[in-house]
Each structure stands twice: as C-alpha cells, then as structure tokens.
Amino acid sequence: MSGQLLSGLLEACIVVGASNDKLREVYEAQQEGRGVRHLVLEPEVLQVHAPTHVPKTNENYEEFCHQRRRSFLRIPEKQVVTPCDVQKEEGVTEDVSVPKDIDLVALPHLCFPGGLEVSCEQRDDRFHFLVFTDVCGDQTHGVVLQHYRPIQVGNVFQERSTQQNGHWSDFRPRRLYTAYGICVVSKHPYYNALRDCLSCLLDQLKTCKKMRDFKELVRDFSDKLALVPIPPPGELHVMFNLQSLMIVLPPREDKDQPVVDLDLHLPFLCFKPRELLQIITGILTEQRLVLFSSDWARLTLVAQCFMLYIRPLCWQLPFVPILSHQMLDFVMAPTGFLMGCHLNHYKEVATETDDSVLINIDDGTVSSSQSECVDLPNVPVDASQCFETRWAGLQLHYDLDLIHHGTCTNINDLRMHRQQWQQSLNGEIQKMMLELMVNIFRDVTDHLNYEHRVFNTDEFLKARYPKDRPFYKKVLETQIFQPFLRDLLDRKQDAFARMEVHTRSDIQRMKSMTDGPRRPTVMELVSKYCNSENRSQKTRQKSLPNLGEERNSVVLSQLPLKKGVSDTLLKVQPKPALMFKLPEFPSSFAYHCVQQYYKDVVNLLERSIVCVPQDNSTLLARYYYLRCFMNAFCGKRLEALRDINNLYKTDIDILPGELVKRLVHSLTKEERTQAEQCPELKHLVGKVKREEEQKPAESDKHVKKFSLPKSSMSLEDFVKVIQESGIVKQVPTIRQLFNALTLGQSQKQINPELFRIFYTVWKETEAEAEQMELPEGVAEHLDSSECVYKLSSSVRTSLGVGKIAMSQKRLFLLTVGRQGFVEIAKFRDIEHVEVVSSLRRSLRSMKSLRIKTCMKKDTFEANLKSECDLWNLIVREMWAGRTMADEHKDPQYVQQALTNVLLMDAVVGCLPSQKAIYAASKLSSLDKIRQAPVMVPTTTTETLQHKISPSLDLPAPEAVNALLYIPGQLTVSDSDPDDIPKLFCALSQGKLVVFDAATWSIEQQCIQLGTAQLNCMLGLNREQVWIGSEDSVIYIINARTLSYNKQLTEHRSDVMDFALEDRKSVFSQAQVYSCSVDGTVIVWDVPTLKMKRQFHVTCDRLSSIQIYNGSLWCGARDCITELKKTGLQYRKICLPQDPKKMETYFSSFVRIPESGQIWTCYADSSVLYVWNDKDFTKPQNKVKLPHSYGITCMIRVKNQIWVGCQSRMKGKIFVVNIEELSIEKELLAHTDSVLSLCTAEDRYVLSGSGSQDGKIAIWKV
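All of these numbers come straight from a predicted model, not from anything done at the bench.

1. Regarding the overall build of the protein
Broken down by element type, the protein carries 33 helices and 60 strands. In the protein, which comprises 1261 residues, the proportion classed as buried is 58%. Pairs at least 24 apart in sequence give 61% of the contacts found in the protein among residues at least 6 apart. Per element, the accessible surface of the protein, about 55000 Å² overall, is 48% carbon and sulfur.

Have a look at this one:
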C-alpha cells in the first residue's frame, strides 16, 4: 500500500463488531427465551479513526496544518461503509478521510476470521495479526484485539432480572457477551509494539461501562499513536509511555531492510531443520503454500519470519497469511501463493487442492495435498550442512538466560531485558539466514555480464553439482529471483554483497585478481574424484588460476562455502539501545495542543543534538531526520530543509528524497525569498529543480538470457555476443578473434553456424576440463592452485609415451601404463621452441615439437603429429606470457596468454584444417611482441614490485585518475575484519575500485559515485576517505565498511584537491581545506563536517593546495600562491613572461620546508624548477628530465621527489634526489602517461596511468 510521506505510527484504528440492531435482536430473542448460545453474527465496521494526512498539493498545505481530527462512527444501518462515507452522530458532521488502501469491506471478516459469536460466558481477550497487500505489492500491517464485553442495549448493560406485565420476574436470563475487534493499522510491521499499545488500551476498556466511553477511549488512543514518529533506519529507537507501560519502536537496520519487531525464533521452535529448509525451498521455488494453526496469531508471525529469512529475495506472489472461512476459495488460485488457514480446515484444503504444500505449524510437519511426503528439491548440501551447524549453536530459550539473574520487580526493566535478549537473538538468526542465502546464490555473479545485463543460465546450471540442479532449475524460473538478479547487475551494496565479500575463500579472492577463462584447480579435481563421498570438499564453481608464483598453496579447507561467517561475526553481542523518549501526550488533541506537542518534540531533539559528540555523525543524522519530520508537521518548511541539508553531511542514505521535493514545491513566495538568501538552501532548492528539469536517462533494467545469434554478425555485433557469452570481455582480444574467424573473407562477417560451432567447441573444452581425471600422485607435484588448460592425445615423446598437459606454470607429461608425472619444463625456463620434420620408414614426413630449457641438458621432443603446429603456437604464447609477466611484474600477461591459447584451440576446432593454424596464429599477440622485445631497464626491474589492474571487470582499461593508500592490519581479525590495508583507485565516470593491499586482490569491484570524473582523494584516520569530483560534490566513504553515505555540496565547480591541517594539540579540531577549479577554498571542521569559512583565490583554474607552517599554498595554471589561512594573499610565483611559453601552465608543485625550496613543473616541459622560498623572482635551480614531453604529477617520499611524466607511447617516472638535485632512477612501466602517484607508508610508491595502459605499478622506495 502506498502511504503518505508524513505519517506516524498509526495509519488507522478501526473498531469492528456487531451492529446495535443485531445485538438488540439477540437481546430480545433471549428475553423471549429463544436459544442464542453460540450464535454467529455478521461483523461490521463500527468506528474508523484515521490520522491527519499530508495533502498532495501545494495549495492545501496550509489547510493541512489546521485539519480536524478525522473519524466516523458507524450508525446502525445495514449499508456497507466505504472510505468516502460521511456519517453523522449526535448531530455532529465529521470530515471523513479513511486511507484508500484499507479495504473496509473485507476487514470485518479478517478481524473475526473464525466468525463473530455471541457467548454466554466471558472469554479471554485475544490478539492476532494481519497483512494487507495492494496491487502494487506494498504492504500495510494490522494488529487486532478481540475484546469481549457484555451486550449493551442503549446505554445500559443487560440486566440480571426482567420485568413482565408490570411485575418483577424471578427469571434471570444469563448475561450475553459479544466481541469487539479493535484493529490498529500501520505501514510498518510493529507487531510487538502495537500489541503492547493495545494491551494498555485493554486495561482501560475493562473499566469503562458505557459504549460512549468505549468510543472515546478508542478515539483518544488512536490520536496518541498518530503523534508517534517512526524512527529512521539505524540504531536510534523511539520510546514513549502509554499508561504505565514503556513502548519501544525499534528502527530498521538500513533503508533496504524492513522493521523487525517480532520474535524471529518462532519457526525454530515449531520446526526441525529439515522441515524449515523444506519451507524455504517451497518459498524460493514459489510453490502453493498453505500454513495451518489452531492459533490465528501464529499464522502471520510465522509467515513474516519466513519472509525475513529469505532476504534479500522478496516474495512477489499473493501473500495472505490469514484467510477467514469466507475466503477459503482463495487456495484454489492457479498461481503460487502463501496463505494461512485455521487447522479446522486442513482436511478440506487438502481434499480440494492439488500440488499444494501444507504446513502444520502446531505439529511442525510439512506435507503435500496429495501425499504425506512433499516433492520439493533439496537445498544444496553444503549450504544445508552449514545451516544445520549454525542451528545447533543457537540459544533459543529465554529462561536459560534468566537463571543467573535475580527477580526483577520493575515490569519495564524486565521488558527491556527481554527485548535486548530478543534483539540479540534476532540478529544472530538474521546473519545465519543471510549466510544461507549467500551460500546458495554466491556463484550467480560468476555468470553475469554487467555491461549487457546478461545472465548465462545454462552455464550456471552446468556448473552446479548434479544433485543440486533441480533446486536451481526451479529457482531460476521464479519471479522472486528476477529482482535479486537486477540488484546484482546494479552492483547493489547491501547486506548480501557485504557478507559475500567477507566470506570469500582464497580461491575466490584470487579470481578477483584475474579475469579470463576459468578451469578447476588441480586440488579441486582430486577432491572431486578421489573423495566423492565427502561432498563438503567439493567447490561449487570453476576457479581461476593463482598467477602469483610466491602465493602459498590453497588447502581444501579454504574452498568456497567452507569458510563462511566466523562464530565471532555471527554472534551478536547485546548492547544498550540508543533511545529517544517522546514527551507525554497532550491532554487535548485540539490543533494548538498538537502543534505544541510537535514543538516539544523539536525542543527535545535540539537538546539531544547538543549532547551528541560532533564526531558521532550517525546518531546526529537520526536526530536531524526526526527533527525534519517534526518541523514539516509544524509547517516549518525552511527548518525542515535545513535538517535535510544536514543529512547530506551526516548520512545521505536515510535522506527522504520525496519529502525534499514536496517541501520545495510547497514553499511560499516569502519562504522562497528567504531560501534565496541562504546559500545552502538556495543550492538545495536549485538542485531539486535541476533534477526535475533533466529528463531521467532511460536505463534498461531487464535481465537478458544468453542465446546464440541467428543472423550474421559484424565486428560490433560480434563483440557484444562474445561479451554476453562470458568467453572474453576485453575488446582488443575480441577483435583479434574476429579477424581470425573471418580470415580470407572480403566482407568481414561471421555467420551464425560458424559461431555455433565455435561456441560448442569452447564449451566442450570447458566440460572436458571439469571432467578431467588426474592420477593421485600428480597433485603432489603441482601447486594446489594450478589448473590444467590443455591436454594432448597420447603421443610418443623423448620421456616416454603419455599425454602432454599444460597448466599456467608448466608443461608436464602424464605417462601411460604405470601412471606417473614427469615435468617437461616450466615456461619461465624455456630457451627455444621449434617444429622439426623427420622422414620415417613409410617415407612420410612426421612433425615433432622440440623444447629446449635452461634447467636440463637434453632437449624434449614430442611426436605430436597433426597437433604439432597448434602446440607450437600454444607453447610459444605461454612462454611469451610468462617471460613478459616476469619482466614487467605483471601476472596479467600470463592470463592474457591463457586466454589467447584457449581461443586458438577453439579456432582450430571450428575452422577447416587447411587454414586453421594460420587463423589461430592471428591470436598469438604476445609471442609476436616477444620476437621484437622492448628491453625493460634494469633499474625498473629492480624497483618494480608488482602490477595490478583496476579495470579487470571492465571491457576496456580506464585511466587511473587518483590513488590513495589507507594503512591497516595485514592479518584479518574476527573482531575487526574490515581493518585491512586498502588501496582506493579513482577511475573515469565516477567509478571507484578498492583493493585489499595485503593480497592485492579486489576488495570492492565498483563503487559508483555519481557519473563525473573523480579528481582527488584524502584519507582521515583510517576511518574516512574524502573524494572530490568534477560534479562539485565531495563524497565521503567509510574506509572500513566501504559504505558511502555522506556528501558535501558547498562547492560550485570541480573539486580538485584537499589539504589536511595537522592538529596543534590534542584539544584542537582537525580541519580540511578543499579547493575547486573556480578558485574557491573551503575550510571544513572534520567532526561536524560544517563549513567554517571560505575564500576565493584569484587565479586561472586552481588545481592543488598544500599547507606548510601555517601557510596555505595554492597551485593554479598561471601561478603558485602563498596565502595566510584567512585567505589573504602573501606572495606568488608566476609563469615566465616568455611569449614563446604562453601555452604552458603549472601542473604540480611540492614544498620542501626544511630546505626552504619549492619544486614546480610545467605540463609541456621536461624541466623541474627549484625555487628558494625567499626569492620568487626566478628559480634557483633546474633539473632536466631526459626524453620527457611534460610532467603530470609529483610527490615527495623521504628525501626524494617522484615525478610522473608523459612521453610517446610510454609513461616515465623519475626519482630525483632533493639534496643533490640529481636523477637517481628513471623508471618505465606504463604504456601511457602517469596520471597519479601516492605513497604507502613511505615504503612503496604506487603509480596510475592513462586509459591506454590503465594499470597500477607498485614500486619499492
């Protein structure tokens, strides 16, 4: 149900019961002596109390603030009440506005699903819970109290004796009782809290004698709950007193999660692990599920628990957890559903329905409508085993937690202790169920193509274990799976994504370091076939090779699904809840009293904000959020907008975007004038208008399934299809493949039949690798991370008869007969490869492959016959890849060689033999480079440690515009798994990639920060990362969790650089200076993120700032200026007044305070200029950088200046000694300009290059 923006806890309060006419008839029947025992009446709506709603139009906004209390009372008529009815009672006309989403026709039967009976004895009051779902899938929740009262005729209760013919009679008819249903409806599932509220109301109802008092109590009750605001997502609870009871509203964990205000362990008390997993399977496969219980209250709560268990997947089909006896025909629906019935209808439903899953909550059984057994696929074994292990460790009984506690004499303290225990248990269960979902769906991302939004269903199913395929085959066809796929393709950073990253095994982390064809590792093959009885040792995916020679072997216990969530991470320690207590409710609900109440809430919030430490932005954001809504309720729109502006600096995740638009549209002329005078409000209002004026870009959210092409393909079409298929992502490699397959064609096109054959050969090769059997002794000679990529037929060699196998590291022979392993050569040891021909007795020429290595005297020779030419290409390409990887310290060369080799193999398999080898040779790009090598200088080889690529998951390399290293612990701790060293890499179009700097594996593939280029980054205390963008926004990221929830929007142009001012003492606050290209410099207070001051620097395109000894140095295109921290200009270095140099500009500068030097450089010059800080008339010294065409960046590291340059087809780095003004090193590791430099604790320097190279080099200082 779509709700209004400004709403409290209560959506509506509805009273349901029998009409006065019906009760009078019952009363008269009893007077006449007719039996009325267990008489069932038709329930009707008697009262509706709806809170004030915010109007949708600007014109009605002021009117909204003065609206009356809205309710109506049902008069004794038989007409059906609709939301637009206006009833009269006692001569007063009420303005009725019942929320349109509440179906008052069906509600009476849901309040009394078992029927409304008249009873001769008082019955216990009972509660049950409802869920209403509209056509859009939005839900509203209800809690129903069934309260029994004596039948009252008029204003007098039924008498004990009667008067007949003017005389008192001794006939005393038994008192009759009927139930009234009080349904509290809310947009949020606060089941426990609303039940507590109704319990307080119940105490008052028991003492009232007249129905008029009854009605007034319900009216006042609904008015009070309508004033209660909903807590924002996070940790802040809202608390209020109702009678003597303290009610607590827990918040949502985050904006994507629903409220959890129920006992999540209820299904664990009702079902065993096997049955619970069966129910989850039924939900994930969208079966027709019917819940049964003798207690109506259990149905909704248990159903809602299962909806929370399957998060982040969301149920998409009909969801009706309670069916009254009038609604039983709903279970005949042909589609999947989840519904609930009373246990009395079990046999009827089982008889009338086919293929329904019947779930008996009371007995804890799961059966089918056709048999006692249920035909559902099993949850994947590894996931179910992990789940059952977690189940055994849960403490589900609250009484065991009370054993060591004394008896509590305060009911509120007792309730608080119980809530804390339940909150802790709910947290454990949520993590446990999320781990189950991660274990089930972890491998889905391996078969996604993000650029074209394709999911390769067939390949995903083939990669599953055969016994798990029926489960996945059904799940992949469901509606519930499609939104989950869309979120994965959108790279949504939710709880699922975070847990998936934290629970990756070493093999899975290794996959993030490379991108290319996947094959099972040697240890996986051995585990699969030698220990098939131990299913837990079988990994569920095809792993990439470990390209790092120095990396330790991965043991079997580190395979996926065996790592999981550590017990420390799963255990949720109870912690004191952060509470905001509302003031006492007003005694009257007149307009002025309600407005005063809102003002009191605002005053309390303001006092709370003052008491919060300024560095606790999370809690401040929650207070700002509540104050924003309270000010909106009061009509203080400008104040509300100021709080919204504060949310940008504290937590943008909880920003109510629709409310911002509503407030901006409702501003009066006077308020707009005031907003124009405030820069922050002016920018906020302007931003809303700009966003509305811009046409939203049409984004295709549809998830496509891969299918083979049906028409001929040009190069552009071929690139798209290859990327969708998951074979290769890199466009240059795909172009080479296209040229190979179209060799000799005048019109370069690939027909669908050729592609089908190529694709079939490729997939058959993958399947053969999956099914490969290796002798047990082979694993002892290979690294556990090695993969077998190519296997020859049985051939005769100089080492015996056998099959030649190729991994990413070596060639080896699997001998025939007495199975054994003989190493032929490691690729890095090869010296020469050639094909030789010899004349046999049959006078036929036979081809052999000869391989000469530096480690063996004898030359290896293999009579490969028709395979010889292909193996010659393969060995040469792998030799070239290994050689270049060693020379350039870049493992991606090996991965590229592997990709080329497998493509060669597929091309030879799909083309005619006469041109197959020649076509395959078009793919041997690395071997061609090796034959005309570019020697890597010795200095570069000695200094370069490693190279990584942040563009692995992208179709083409992207420029590395900025780098930032954040230190951390090298070993991961269970208590703080996020405190690891990280490398942040800013790419184009707002992409941010984060590496684990301990293993150089990708920690976070892509964090999207707008769509503009990211220019600069600054790390603060290992907690925050500030990122400046060309869209004039400063994005603030949590360095530990990598979550982005803060923005600073005060700049009006490209943010270019940051400078952190050192704290002079422990009592002083840290300050950050930021500059934008228009010359604006803003000083920020770090704890509060408030702008302390700003000033303007007169220059051309301000690009960098630095702070030294209380002075601010600003670098621009035309000058370098020293300013006082107040912004007052002190002195300036200007460009040389040489007419021949009019096009040049400053590109970077470094201040050396101890020597009084300022080093500057120009974008189109290869000279470093060294200035004396006492004389800015001309440079004191110059340092010439040979073979350079311009300087892009430079940083200081110890007593050195590292300078990034640009030159033809390469990017150089010069290391200059500060004291001697001499070049110590000239480094060459990039094929494009060096765009960024950063230091890692002064031990390493990292350099990022332009888009032609797109890599990061790690240098030893």
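2. Description of the pairing of strand E39 (residues 1024–1029)
The element E39 is largely enclosed, with a buried count of 6 among its 6 residues. Neither face of E39 is exposed, since Gln1024, Trp1026 and Gly1028 on one face and Val1025, Ile1027 and Ser1029 on the opposite face are all buried. Note that strand E38 (residues 1014–1020) and E39 share 6 bridges and pair antiparallel. Looking across to E39, one finds that cysteine 1016 is bridged to glycine 1028.

3. Some details on the pairing of strand E1 (residues 12–17)
In terms of residue burial, E1 counts as a mostly covered element, since 6 of its 6 residues are buried. Side chains Ala12, Ile14 and Val16 project from E1 onto one buried face, and the interleaved Cys13, Val15 and Gly17 project onto a second face that is buried too. Note that E1 and strand E14 (residues 177–186) share 5 bridges and pair antiparallel. When the bridges of E14 are listed, valine 16 appears paired with glycine 181. Alignment of E1 against strand E3 (residues 44–50), held across 5 bridges, turns out to be antiparallel. Each residue of the ladder has a partner; that of valine 16, found in E3, is valine 45.

4. Points about the packing of helix H22 (residues 637–650) against helix H23 (residues 657–665)
For the pair H22 and H23, interaxial distance at closest approach is 10 Å and the crossing angle is 145 degrees. For the element pair H22 and H23, the recorded crossing hand is left-handed. Between H22 and H23, the residues in contact are Arg637, Ala640, Leu641 and Ile644 and Val660, Leu663 and Val664, respectively. By residue class, the composition of the contact of H22 with H23 is 6 nonpolar, no polar and 1 charged.

5. Quick word on helix H31 (residues 913–921)
Looking at H31, one finds that the buried residues are Ala916, Ala919, Ala920 and Ser921. Close packing links the buried residues of H31 with helix H27 (731–741), helix H29 (868–888), helix H30 (892–910) and helix H32 (925–931).

6. Looking at the sheet that holds strand E18 (residues 319–320)
Here 5 strands make up an open sheet; going across it, the order is E18-E19-E17-E20-E21 and the pairing mixed. The two strands at the open ends of the sheet, each matched to only one other strand, are E18 and strand E21 (365–368). As defined by bridge partners, E18 adjoins strand E19 (residues 337–342) across 2 bridges and the pair is classed as parallel. Among the inter-strand pairings, valine 320 is bridged to a residue of E19, identified as methionine 339. Of the strands in this sheet, strand E17 (288–293), E19, strand E20 (356–360) and E21 touch helix H7 (residues 273–284), which is tilted by about 45 degrees from E21. Helix H8 (residues 296–309) contacts E17, E18 and E19 of the sheet and is inclined by roughly 160 degrees relative to E19.

7. Quick word on the UniProt feature "repeat: WD" (unreviewed entry) in the protein
Mapped onto this numbering, the UniProt entry gives "repeat: WD" (unreviewed entry) at residues 1227–1261. Structurally, residues 1227–1261 comprises 0% helix and 63% strand, and the distance from its first C-alpha atom to its last is 12 Å.

8. Topic: the packing of aromatic side chains
In total, this model carries 35 aromatic pairs according to the counting rule given. For the pair phenylalanine 460 and tyrosine 472, a centre-to-centre distance of 5.3 Å together with 85 degrees between the ring planes defines the contact as edge-to-face. Placement of the pair is phenylalanine 460 in helix H13 (residues 457–462) and tyrosine 472 in helix H14 (residues 469–476), with a sequence separation of 12 residues. The burial state of phenylalanine 460 is the same as that of tyrosine 472; both residues are buried. Ring geometry for phenylalanine 718 and phenylalanine 755: centres 6.2 Å apart, planes at 90 degrees, overall edge-to-face. Of this pair, phenylalanine 718 sits in helix H26 (residues 715–725) while phenylalanine 755 sits in helix H28 (residues 752–770); the two residues are 37 residues apart in sequence, bridging distant segments of the chain. Three or more aromatic residues link up through ring pairs in this structure, and these residues are Phe441, Phe455, Phe460, Phe471, Tyr472, Phe481, Phe484 and Phe496. Sitting above the plane of the tyrosine 398 ring, arginine 418 keeps its charged end 5.0 Å from the centroid. For the cation-ring pair, arginine 1151 lies above tyrosine 1108, with the distance from its terminal atom to the ring centre recorded as 6.0 Å.

9. Quick word on the confidence of the model for the protein
When the pLDDT values of the protein are averaged, the result is 83; 85% of them are 70 or greater. A low-confidence stretch, residues 53–96 stays under pLDDT 50, and its non-local contacts, those more than four residues away or across chains, total 98 contacts. The model gives residues 531–563 a pLDDT under 50, and that stretch makes 106 contacts with residues more than four places away or in other chains.

10. Describing helix H12 (residues 411–441)
Over its 31 residues, H12 runs 44 Å from end to end, which matches the ideal 45 Å to within 8%, given 1.5 Å per residue. For H12, the N-terminal cap is asparagine 410; the gap from its side-chain oxygen to the backbone nitrogen of asparagine 412 is 2.8 Å.

11. Some thoughts on the nonpolar core
Of all hydrophobic cores here, the largest spans 197 residues; its most connected members are Ile182, Phe240, Phe268, Leu276, Met433, Leu436 and Phe441. With 12 residues, helix H21 (residues 617–633) is the largest single contributor of residues to this core. With residues near it in sequence (within four places) discarded, leucine 276 still touches Pro267, Phe268, Phe271, Phe306, Tyr309, Phe387, Trp391 and Met433. Listed in part, the 68 residues of the second largest apolar core include Tyr789, Ile824, Ala885 and Ala919.

12. Thoughts on the pattern of salt bridges
The final tally for this structure, using the stated rule, is 49 salt bridges. For the salt bridge of arginine 274 with glutamate 275, the shortest nitrogen-to-oxygen distance reads 3.3 Å. Overall, the relative accessible area of 54% leaves arginine 274 in the exposed class. One salt-bridge network, in which partners are shared between bridges, spans Glu459, Lys462, Lys763 and Glu766.

13. Remarks on the environment of aspartate 413
Examined against the element boundaries, aspartate 413 turns out to sit in helix H12. Separated by 167 residues in the primary sequence, aspartate 413 and methionine 246 have C-alpha atoms spaced 9.5 Å apart.

14. Looking at unusual backbone geometry
Cis peptide bonds are those with omega within 30 degrees of zero, and the linkage from arginine 311 to proline 312 qualifies with 15 degrees. Position of proline 312 among the secondary structure elements: in the loop between H8 and E18. One non-glycine residue, arginine 453, adopts positive backbone phi at about 55 degrees. Judged by relative accessible area, which is 10%, arginine 453 ranks as buried. One non-glycine residue, histidine 1187, lies in positive phi territory at about 55 degrees.

15. Remarks on the packing of H22 against helix H25 (residues 679–693)
In contact at an axis separation of 10 Å, H22 and H25 are set at 85 degrees when each is read in the N-to-C sense. Classified by the angle between their axes, H22 and H25 sit roughly perpendicular to one another. When H22 is examined against H25, the residues Leu638, Leu641, Arg642, Ile644, Asn645, Tyr648 and Lys649 are found in contact with a partner set consisting of Glu680, Leu681, Leu684 and Lys687. Residues of the contact of H22 with H25, tallied by class, amount to 6 nonpolar, 1 polar and 4 charged.

Conventions and cut-offs
For every chain, the first residue of its written sequence is number 1, and the numbers climb from 1 along that sequence. Only residues with pLDDT of at least 70 get local features here, since the model is predicted, and only at 80 or more are side-chain atom pairs given and counted; chain-wide, interface and lining totals rely on the full set of residues. Note that water and hydrogens are dropped before the side-chain values are worked out from all heavy atoms of the structure. Starting at the N terminus, helices and strands are each numbered in turn, a helix being any DSSP run of H or I of at least four residues and a strand any DSSP run of E of at least two. The cut-offs for exposure are 20% and 50% of the maximum accessible area for each residue type, with area from a 1.4 Å probe on protein chains only; residues under the lower value are buried, those over the upper are exposed, and the others partly exposed. Any pair of residues with heavy atoms lying within 4.5 Å of one another is described as a contacting pair. All accessibility values rest on the Shrake-Rupley procedure with a 1.4 Å probe; residue burial counts only the protein chains present in the view. Here, a strand pair is defined by DSSP locating no fewer than two bridges between the strands. Throughout, an axis means a line fitted to C-alpha atoms (over the contacting stretch in the case of helices), and angles, computed between N-to-C directions, take values from 0 to 180 degrees. Left-handed describes a crossing whose near helix is turned anticlockwise from the far helix by less than a right angle; the clockwise case is right-handed. All residues other than Ala, Val, Leu, Ile, Met, Phe, Trp, Tyr, Cys, Pro, Asp, Glu, Lys and Arg, Gly among them, are scored as polar; the first ten of these are nonpolar and the last four charged. UniProt positions are given in the numbering used here, feature names are shortened, and annotations may be inferred rather than shown by experiment. Ring pairs shown here join Phe, Tyr and Trp side chains whose ring centres sit within 6.5 Å, with only the six-membered ring taken for Trp; geometry is labelled stacked below 30 degrees between planes, edge-to-face above 60, and tilted in between. The criterion for a charge sitting over a ring is simple: Lys NZ or Arg CZ within 6 Å of the ring centre, and within 35 degrees of the ring normal. Values of pLDDT, the confidence the predictor places in each residue, fall between 0 and 100. Given a helix with a known number of residues, its expected span is that number minus one, times 1.5 Å. Pairing of N or O atoms within 3.5 Å defines a polar contact, subject to two protein rules: one partner must be a possible hydrogen donor and the other a possible acceptor, and residues neighboring in sequence count only if both atoms are side-chain atoms. To form a nonpolar core, buried Ala, Val, Leu, Ile, Met, Phe, Trp, Tyr and Cys residues must be joined to one another through side-chain atoms within 4.5 Å. We define a salt bridge as a side-chain nitrogen of Lys or Arg found within 4 Å of a carboxyl oxygen belonging to Asp or Glu. When an angle is under 35 degrees it counts as roughly parallel; over 145 it counts as roughly antiparallel; between 65 and 115 it counts as roughly perpendicular; any other value is oblique.

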